[in-house]
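Next come the chains, spelled out residue by residue.
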Amino acid sequence: MPERLGPPRETPLFDRVALIGIGLIGSSIARAVRHLNLARTIVAVDRDENVVARVRELGFADDATSDAAAGVTGADLVILCVPVGACGAVAAVIAKSLKPGAILSDVGSVKGSVIAQVQPHLPEDVSFVPAHPVAGTEHSGPDAGFATLFFNRWCILTPPENTPDGAVERVREFWSAMGSNVEVMTAQHHDLVLAITSHVPHLIAYNIVGTAADLETVTQSEVIKFSAGGFRDFTRIAASDPTMWRDVFLHNKEAVLEMLGRLNEDIALLARAIRWGEGDKLFDLFTRTRAIRRGIISVGQETPEPDFGRRRDGQ
Ligand code: NAP
């Protein structure tokens, strides 16, 4: 059991928590909730019967079902853990079965679109607290999750104006209990910040790996053989779930395009500096960026180990 999470609570925070979508994030929440005793009952919902059967084998939920409406019945916290583009359809299916006074939340990597999709289906007596745990890996599915995924990572809450403060506080307490640092901001600001810190970097990784795969003058085997020259680190990000990331770009279109516009301008300036031999410009930028990495390490969001702590034997 993960030591860093601390002991289970004597009194659970929620009576019944229903998680819809048991992939990396849904199964990590279930494992953390179970380990920390954050709910008396955990219900896992997944549309795929094979996943439902796997959840029963893994044993991190008290109940597992493919029927979303039945799964949320009686739950006091329901969390949508499905791709951003699926949130509206799932909300429509569960809306009538939500318990009066329940809290509905999600974990989507884009917030404005999820709010727009979910709010029209929301019953008046249900509070909506959208959330985004800024934590993940490139793996998917119920076997990929682990209870410490959210430990010492940020979780951003973006409650719409009409959400009661009490519901926001309960969701804050839930994520804090799982070891996250919680921050509240507007959905619009979240989408802009995450466009540059997460979405555009993923697009660049998908692009560079795709470009390398399509090159005619460098063979595929050379790309793989010499990948430690920087390319390898992009391939980890570019292995992230295609459905999830397709939805992120389709649903955070404006902010991503805005940041891409800035990026294109800056790349043009870099190309110019290289063409004209302006070494001081390159040196100044590389010095500033090195300081940013040191800042990330100093706040504990990355390992200071050389080569990301990879073992010398390449494992
Ligand atoms: P995942 O491992 O691929 O799991 C996705 C889950 O959603 C699966 O249970 C899948 O069901 C279900 N699903 C997919 N399409 C659906 C649909 N149309 N209707 C109903 N269920 C559907 O993905 P994940 O990494 O857990 O991501 C889930 C959410 O977390 C996404 O919104 C993502 O933006 C957010 N998030 C991800 C990360 C990350 O790094 N991975 C980090 C923070 C937030 P099946 O069993 O049928 O496949």
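What counts and what doesn't
- Residues numbered from 1 in each chain as written.
- Predicted model: local features only at pLDDT ≥ 70, side-chain atom pairs only at ≥ 80, totals over all residues.
- Heavy atoms only, no water.
- Helix = DSSP H or I, 4+ residues; strand = E, 2+ residues; numbered from the N terminus.
- Buried < 20%, exposed > 50% of the residue type's maximum accessible area, 1.4 Å probe, protein only.
- Phe/Tyr/Trp six-rings, centres within 6.5 Å; stacked < 30°, edge-to-face > 60°.
- Core = buried A, V, L, I, M, F, W, Y, C linked by side-chain atoms within 4.5 Å.
- Contact = heavy atoms within 4.5 Å.
- Axes fitted to C-alpha atoms, helices over the stretch in contact; angles between N-to-C directions.
- Parallel < 35°, antiparallel > 145°, perpendicular 65-115°, else oblique.
- Nonpolar A, V, L, I, M, F, W, Y, C, P; charged D, E, K, R; others polar.

Turning our attention to unusual backbone geometry. If you check the backbone angles, asparagine 37 has positive phi at about 55 degrees while not being a glycine. By the element assignment, asparagine 37 lies in the loop between helix 1 (24-36) and strand 2 (39-45). The partly exposed category is assigned to asparagine 37, whose relative accessible area is 23%. We note that asparagine 152 has phi near 60 degrees; this positive angle belongs to a residue other than glycine.

Tallying each qualifying case throughout the model produces 4 aromatic pairs. Each ring, one from phenylalanine 14 and one from phenylalanine 174, has its centre 5.9 Å from the other, and the planes form 75 degrees; the classification is edge-to-face. With phenylalanine 14 in strand 1 (residues 14-20) and phenylalanine 174 in helix 6 (residues 165-177), the pair connects residues that are 160 residues apart, well separated along the chain. Across this residue pair, the class does not change: phenylalanine 14 and phenylalanine 174 are buried. Among the aromatic residues, those joined into a ring-pair cluster are Phe14, Phe150, Phe174 and Trp175.

Moving on: the nonpolar core. Membership of the largest hydrophobic core comes to 44 residues, with the highest contact counts inside it found for Leu19, Ile29, Leu157, Phe174, Trp175 and Met178. Of all elements in the fold, only strand 1, helix 1, strand 2, helix 2 (49-58), strand 4 (77-80), strand 6 (127-133), strand 7 (154-157) and helix 6 reach the threshold of two or more residues within this core. For this core, the leading source of residues is helix 1, giving 7 residues. Apart from the residues lying within four places of it in its own chain, the contact partners of isoleucine 29 are Leu19, Ile79, Cys81, Val107, Phe150, Phe174, Trp175 and Met178. Membership of the second largest hydrophobic core comes to 33 residues, among which are Ile20, Val90, Ala91 and Val126.

Relative placement of two packed helices is described by the angle separating their axes and the distance separating the axes. At a minimum axis distance of 8 Å, the contact between helix 11 (residues 253-275) and helix 12 (residues 279-298) shows a crossing angle of 135 degrees. With respect to helix 12, the element helix 11 is oriented oblique. Contact residues: Leu270, Ala273 and Ile274 in helix 11; Lys281, Leu282 and Leu285 in helix 12. Looking at the contact of helix 11 with helix 12, its residues break down into 5 nonpolar, no polar and 1 charged.

Such coordinate-based values are descriptive only and should not be taken to indicate function.
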